[in-house]
Number of protein chains: 2
Amino acid sequence: MAIRKERLVIVGGDAAGMSAASQVRRLRSDVEIIAFERGAFTSYALCGLPYYVAGYVAEWSQLIARTPEAHRRNGIDVRLRTEVIGLDLARREVIALDHEQRREYREPFDQLVLATGARPRELAVPGRDAAGIFTLHGIEEAQALVDWLARERPQRAAVVGGGYIGIEIAEAFRARGLATTLIEAGEQVMPMLDPDMAELVERALREEQVTVLTKAPVEAFATRGGRIRAVITPAGEIAADVVVIGIGVEPNSELARATGLVVGERNAVHVDDRCRTSEPGIWAAGDCADVSHRLLGRSVYFPLGTTANKQGRICGLNLGGRDARFPGIVGTAITRFGDTEIARTGLSEREARVAGLSVITGHARSTTRSGYFPGASWMTVKMLAEESTGRLLGAQIVGGPGAGKRIDTVATALSAGLTLEEFIYLDLAYAPPFSPVWDPVVVAARKLAREA
Amino acid sequence: MAIRKERLVIVGGDAAGMSAASQVRRLRSDVEIIAFERGAFTSYALCGLPYYVAGYVAEWSQLIARTPEAHRRNGIDVRLRTEVIGLDLARREVIALDHEQRREYREPFDQLVLATGARPRELAVPGRDAAGIFTLHGIEEAQALVDWLARERPQRAAVVGGGYIGIEIAEAFRARGLATTLIEAGEQVMPMLDPDMAELVERALREEQVTVLTKAPVEAFATRGGRIRAVITPAGEIAADVVVIGIGVEPNSELARATGLVVGERNAVHVDDRCRTSEPGIWAAGDCADVSHRLLGRSVYFPLGTTANKQGRICGLNLGGRDARFPGIVGTAITRFGDTEIARTGLSEREARVAGLSVITGHARSTTRSGYFPGASWMTVKMLAEESTGRLLGAQIVGGPGAGKRIDTVATALSAGLTLEEFIYLDLAYAPPFSPVWDPVVVAARKLAREA
């Protein structure tokens with residue numbers, strides 16, 4: 001009888017899953033690796049989809065970081081259009097459904113990585129099934145939207161949801177010349193920002209002719225002949241011949257929950273700092289899993305591509321025989337609307353108060369370059385710190401080109417637990433094409449230290 | 001008899017001195033503040049001069065952050081064209097020479113801040129006095145150069161010195177359409193970078209039609225009728241009708257040395273972390289002073305505008321009754337040549353070896369944005385760490401727009417004493433217009449951790 005190789009099964013062929021697989025392959029040649037992917041693609045840039053819709057990225061194939069064939073050449077047995085529909089923990093087997101062959105089969109595993117990702121949150125209102133209404137969470141969905149835009153030549157677009165995806169899609173629609181309305185149920189766009197900073201984003205949207213409606217929950221979609229005609233909100237009817245819904249995502253954790261794995265915030269699969277679930281030999285990573293938040297000291301659901309890659313790597317290192325621990329996130333995120341860059345890290349004022357922290361805040365309006373240097377843009381920084389200790393708690397940035405990535409300085413400082421005073425004297429890079437002599441993030445910290 | 005107010009005298013009206021003065025004024029209204037400035041300007045952006053020469057900044061007045069009048073309105077007695085030529089410690093008086101009135105007088109002080117700045121290092125070779133040879137360390141000098149360019153319409157420019165100023169002036173000359181030769185005595189341009197990274201800068205210079213000569217010490221300037229005609233080097237004669245010498249600066253510390261104050265590296269006035277000199281009541285800040293280096297654990301001469309502002313602030317806070325300490329620099333600097341951004345922080349490989357550290361290095365070639373995103377540029381990162389501990393030691397970056405300011409992430413990590421492993425999992429901002437999913441600085445750290 002042949003001795004079976006140790007077998008690793010990956011469920012989900014995108015960022016987290018394939019990072020894990022590649023990392024294991026790098027460290028161990030003696031493990032059999034099987035990756036199940038229910039779609040047709042592996043390792044693609046989900047975050048790039050709005051820019052494909054915008055037309056900035058000409059071909060969807062540019063978004064593929066690594067094809068199934070490349071993974072196979074790397075010794076990973078990628079099985080496309082094959083969905084894992086069950087998990088038999090007693091027998092250590094997955095139950096797979098090959099959608100092409102319409103065949104169900106079992107595959108044993110020694111170790112298993114759940115990397116099933118997330119799906120768009122749905123809007124259960126009348127008319128949702130009308131043609132011309134899209135979500136954007138996969139290459140096929142993006143292709144369908146792009147096809148619709150090319151074929152139907154819509155003139156009026158509505159975007160439901162004012163978060164990251166919402167404003168990225170709004171940029172895409174404006175780039176294509178569509179009259180665009182952004183519809184947000186909450187009080188403000190970009191709920192991950194405090195209202196004062198979100199106001200700057202709303203202003204940028206309006207300056208680029210996006211109509212912004214807040215406090216406008218969608219009640220229904222009005223249709224004509226099975227096609228979208230308008231979005232119905234308490235503020236009235238917004239005519240639209242194409243709609244994208246981007247109101248957040250939720251974890252694909254059904255498999256885990258059905259098997260009795262512990263789940264956390266928003267039903268995400270709970271993992272420890274090694275990406276182990278509550279069940280020995282079962283790991284999870286990426287948008288289906290939770291992650292520890294360094295400032296909150298607890299696990300949260302904060303699905304982002306960058307975290308998915310890191311958790312995948314952690315999984316892979318541990319499965320490859322190393323002992324790797326993920327120190328957690330600090331809540332960093334970035335996007336843009338046209339030339340307006342938007343970034344945040346740490347806790348917002350709201351989040352800090354909810355966490356019971358005494359928070360103080362400081363704002364700075366400064367420039368991305370020295371004020372006299374051509375191309376200098378305005379930027380606003382909001383900095384937050386704990387009143388009693390001076391420890392930094394977070395920052396938010398809204399500003400022109402070059403503003404956003406400055407959030408990394410604060411994110412690094414948060415990870416290191418720096419105080420305001422320590423932050424103020426950081427040796428940050430200055431030359432006129434790059435910054436005023438005091439970097440805007442430091443100006444905000446100085447304002448906050450009440451010594452400015 | 002009237003009781004005299006406490007009196008603070010500032011020697012030098014630029015970044016460090018006027019930062020100190022302004023900070024004191026903010027904290028204390030009961031102090032008389034006199035600032036002596038031998039030139040005609042206060043608080044101007046020395047670092048902006050090359051861009052004024054380039055024509056990017058149309059008027060020199062744009063470089064003035066705060067005029068003498070503005071300082072006077074703020075209650076600071078600014079005395080222009082008045083040089084402090086002596087220091088009488090016994091009587092606690094400065095000896096001032098008013099160049100306009102040709103009058104010498106004494107002024108008593110209780111506290112004194114030396115902020116006398118630096119001057120360009122000289123090149124003592126034959127022909128140095130020829131017309132058309134400039135240094136660039138003040139508005140008057142920049143005006144003289146700009147006048148020469150306008151009046152004499154030179155066609156061939158030579159820049160002596162391949163450091164920050166040298167390459168900034170090379171950009172300025174190219175922007176004005178001059179045939180430009182960069183002449184460096186040492187083995188490479190940008191001696192603050194390791195040779196492998198400096199090579200990338202040389203390539204960028206050559207791609208923009210700058211002729212780069214290294215190992216070419218200037219032996220003499222050839223003149224015709226008292227005007228520059230050529231630069232003589234061992235590599236031959238380089239024809240030039242305008243020359244800028246930018247071979248570094250040295251501290252204006254004569255006053256301090258004549259008074260017996262302790263000086264440090266390169267004769268810079270030695271200060272402690274509160275910016276106190278060896279003499280009670282005498283403080284120093286900015287380009288005339290040294291500064292502690294957090295990684296080397298000793299004081300160095302590393303004159304930069306950003307440090308001058310910070311030391312000025314430290315001085316001012318302490319003089320204003322606070323207890324402020326400057327934690328020191330980590331050796332961060334940035335510049336650019338055209339679209340090529342150049343940044344460094346921490347120790348170079350050379351510096352680390354000189355300091356007796358066992359250094360390991362890693363390189364990454366990556367992109368400023370996601371590779372598929374329009375406007376993505378190549379960038380190279382070199383990361384350095386201590387072999388035994390994994391502690392980060394420094395980084396160098398050369399790359400396209402958006403590359404350089406990433407050095408701040410490393411600078412912050414250096415200040416916090418992060419290790420490679422800690423650095424790799426930082427929660428840095430990712431979205432396709434801003435970064436690949438792993439930021440290039442992290443890719444370099446991963447390479448260095450030999451796990452990439």
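Computed from a prediction, not measured in an experiment: that's the story for all the values here.

Peer 1: Looking at this structure, how should I read the overall build of chain A?
Peer 2: The helix and strand inventory of chain A stands at twelve helices and 25 strands. Expected size for 452 residues packed as a compact globule is a radius of gyration near 22 Å; at 23 Å, chain A falls within 12% of this value. Over its C-alpha atoms, taken along the principal directions, chain A stretches across nearly 75 × 60 × 40 Å. When the 452 residues of chain A are sorted by exposure, 61% land in the buried category. For chain A, the proportion of contacts with a sequence separation of at least 24, taken over those separated by at least 6, is 62%. Within chain A, one finds 54 positive and 56 negative side-chain charges whose respective centroids are separated by 2 Å.

Peer 1: What is the right way to read helix α12 (residues 440-448) of chain B from this model?
Peer 2: Of all nine residues in α12(B), seven are buried; the element is thus mostly enclosed. Among the residues of α12(B), B:P440, B:V441, B:V442, B:A444, B:A445, B:R446 and B:L448 are the ones counted as buried.

Peer 1: Which parts of the structure should I look at to understand the relation of the copies chain A and chain B?
Peer 2: The operation relating chain A to chain B is a screw motion whose rotation component is 180°, with 0.0 Å of axial translation and a residual RMSD of 0.0 Å. On this basis, the relationship between the two copies can be described by a two-fold rotation axis. Closest approach to the rotation axis within chain A is made by the C-alpha atom of A:T409, at a distance of 2.5 Å.

Peer 1: In this structure, what is going on with the UniProt feature "domain: Pyridine nucleotide-disulphide oxidoreductase dimerisation" (unreviewed entry) in chain A? I would like to understand it.
Peer 2: UniProt records the feature "domain: Pyridine nucleotide-disulphide oxidoreductase dimerisation" (unreviewed entry) at residues 335-437 of chain A, using the numbering of this structure. In the segment residues 335-437 of chain A, helix accounts for 20% and strand for 35%; the C-alpha atoms at its two ends are 26 Å apart.

Peer 1: Just to check I follow, could you spell out the sheet that holds strand β1 (residues 6-11) of chain A for this structure?
Peer 2: Backbone hydrogen bonds hold the strands of a sheet together, and the pairing may be parallel or antiparallel. Residue and element names in this part refer to chain A. As summarised here, the arrangement of the five strands in space is β3-β2-β1-β7-β18, forming an open sheet in which the pairing is parallel. Since the sheet does not close on itself, it has two edges, and those belong to β3 (76-79) and β18 (282-284), each with one partner. In this sheet, adjacent strand axes meet at a mean angle of 20° when their direction is disregarded. Across four bridges, β1 lies against strand β7 (residues 111-114) in parallel orientation. If you follow L8 over to β7, its bridge partner there is Q111. Here helix α1 (residues 15-27) sits on the sheet and contacts β1, β2 (31-36) and β3; the angle it forms with β2, its principal contact strand, is near 165°. On the sheet, helix α8 (residues 305-319) packs against β1, β7 and β18 and is oriented at approximately 155° with respect to β18.

Peer 1: When you look at the pattern of salt bridges in this model, what are you seeing that I'm missing?
Peer 2: Side chains that differ in charge, positive against negative, can pair when their charged atoms come close. Per the stated rule, a full pass over the model turns up 69 salt bridges over all chains. Among the salt bridges present, the one from B:D323 reaches B:R274, with a minimum N-O distance of 2.6 Å. A residue pair is termed long-range when its members are at least 10 positions apart, and B:D323 in the loop between α8 (305-319) and β21 (333-337) and B:R274 in the loop between α7 (254-258) and β18 (282-284) qualify at 49 residues. Owing to a relative accessible area of 53%, B:D323 belongs among the exposed residues under this scheme. Owing to a relative accessible area of 15%, B:R274 belongs among the buried residues under this scheme. Each member of the salt-bridge network shares a partner with another, and the members are A:R7, A:E32, A:D77, A:R79 and A:E107.

Peer 1: Before we go on, may I ask you to explain the pairing of strand β22 (residues 340-346) of chain A in this structure?
Peer 2: Residues and elements named next belong to chain A. The buried fraction of β22 amounts to seven of the seven residues, a majority that puts the element mostly inside the structure. As paired strands, strand β21 (residues 333-337) and β22 are joined by five bridges and run antiparallel to one another. Residue pairing across strands places I334 opposite A343, the latter belonging to β22. Where β22 meets strand β25 (residues 392-399), six bridges bridge the pair, whose relative direction is antiparallel. Bridge pairing in β25 links T345 to A395.

Peer 1: Would you take a moment to explain the UniProt feature "domain: FAD/NAD(P)-binding" (unreviewed entry) in chain A for this structure?
Peer 2: When the UniProt feature table is mapped onto this chain numbering, "domain: FAD/NAD(P)-binding" (unreviewed entry) sits at residues 7-299 of chain A. In the segment residues 7-299 of chain A, helix accounts for 24% and strand for 30%; the C-alpha atoms at its two ends are 30 Å apart.

Peer 1: Would you take a moment to explain the domain arrangement of chain A for this structure?
Peer 2: A common way to express how large an interface is: the accessible area buried when the components associate. Residues and elements named next belong to chain A. Domain boundaries assigned for chain A yield domain 1 (6-119 + 250-319), domain 2 (122-247) and domain 3 (342-448). Interface of domain 1 and domain 2: buried area, both sides summed, is about 1500 Å²; carbon and sulfur atoms make up 68% of it. Joining domain 1 to domain 2, the criterion identifies zero salt bridges. Broken down by secondary-structure element, the contributors of at least two residues to the side of domain 1 that touches domain 2 are α2 (49-54) and β8 (118-120). It is α2 that provides the largest number of residues to the side of domain 1 that touches domain 2, a total of six residues. Residues belonging to the side of domain 1 that touches domain 2 are distributed by class as follows: 14 nonpolar, no polar and two charged.

Peer 1: Explain the pairing of strand β5 (residues 93-98) of chain A to me, please; I cannot follow it from the model alone.
Peer 2: Looking along a regular strand, one sees side chains alternate from face to face of the sheet. All names here are of chain A. Burial analysis of β5 places five of its six residues in the buried class, which makes it a mostly covered element. Strand direction decides the pairing type here: strand β4 (residues 82-88) and β5, joined by six bridges, are antiparallel. From the neighbouring strand, D88 faces β5, where its bridge partner is E93. As judged from the six bridges shared by β5 and strand β6 (residues 103-108), these two strands associate in the antiparallel manner. The residue bridging L97 from the neighbouring strand is E104, located in β6.

Peer 1: Explanation requested: the state of the cysteines in the structure shown.
Peer 2: A covalent bond between the sulfur atoms of two cysteines is referred to as a disulfide. Taken as a whole and assessed by the stated rule, the structure comprises zero disulfides over all chains. Here A:C315 is not disulfide-linked; the sulfur of A:C275 is the nearest cysteine sulfur, at 4.5 Å.

Peer 1: Explanation requested: the interface of chain A and chain B in the structure shown.
Peer 2: Contacts between the two partners involve 63 residues from chain A and, on the opposite side, 63 residues from chain B. Overall, the association of chain A and chain B removes approximately 5600 Å² of surface from exposure, summing both partners, and the carbon and sulfur fraction of that is 61%. At the boundary of chain A and chain B, one finds two salt bridges. The tally of links from chain A across to chain B stands at 16 residue pairs in polar contact (both at pLDDT 80 or more). For the side of chain A that touches chain B, the secondary structure elements donating two or more residues are α1, α8, β21 and α10 (407-416) of chain A. Top contributing element to the side of chain A that touches chain B by residue count: α10(A), with eight residues. When grouped by side-chain class, the residues that make up the side of chain A that touches chain B number 34 nonpolar, 14 polar and 15 charged.

Peer 1: I would appreciate a short explanation of the environment of A:P440 in the present structure.
Peer 2: Residues and elements named next belong to chain A. Counting through the fold element by element, P440 comes out in helix α12 (residues 440-448). The class of P440 is buried, set by a relative accessible area of 0%. Sequence separation between P440 and T367 is 73 residues, and the spatial gap between their C-alpha atoms is 6.9 Å. P440 has contacts with A364, S366, T367, M379, V381, R406 and S435, leaving out every residue within four places of it along the chain.

Peer 1: Please clarify how the side chain of B:D98 should be interpreted in this entry.
Peer 2: Residue and element names in this part refer to chain B. Tracing the backbone shows D98 in strand β5 (residues 93-98). Buried D98, no salt bridge; nearest opposite-charge side chain is R103, N-O distance 4.9 Å. Within polar-contact distance, the side chain of D98 engages the backbone nitrogen of Q101 at 3.0 Å. The contacts of D98, once residues within four sequence positions are left out, are R81, T82, R103 and Y105.

Definitions and cut-offs
Residues numbered from 1 in each chain as written. Chains lettered and ligands numbered in written order. Predicted model: local features only at pLDDT ≥ 70, side-chain atom pairs only at ≥ 80, totals over all residues. Heavy atoms only, no water. Helix = DSSP H or I, 4+ residues; strand = E, 2+ residues; numbered from the N terminus. Rg over C-alpha atoms; globule rule 2.2 N^0.38 Å. Buried < 20%, exposed > 50% of the residue type's maximum accessible area, 1.4 Å probe, protein only. Contact = heavy atoms within 4.5 Å. Lys, Arg positive; Asp, Glu negative; His and termini not counted. Charge placed at Lys NZ, Arg CZ, Asp CG, Glu CD. Least-squares fit on C-alpha atoms with pLDDT ≥ 70 in both. UniProt positions renumbered as here; feature names shortened; annotations may be inferred. Pairing = 2+ DSSP bridges. Axes fitted to C-alpha atoms, helices over the stretch in contact; angles between N-to-C directions. Salt bridge = Lys/Arg side-chain N within 4 Å of Asp/Glu carboxyl O. Domains from an automatic or database assignment. Buried area = accessible area lost by both parts, 1.4 Å probe. Nonpolar A, V, L, I, M, F, W, Y, C, P; charged D, E, K, R; others polar. Disulfide = S-S within 2.5 Å. Polar contact = N/O pair within 3.5 Å; in protein donor to acceptor, adjacent residues only side chain to side chain.

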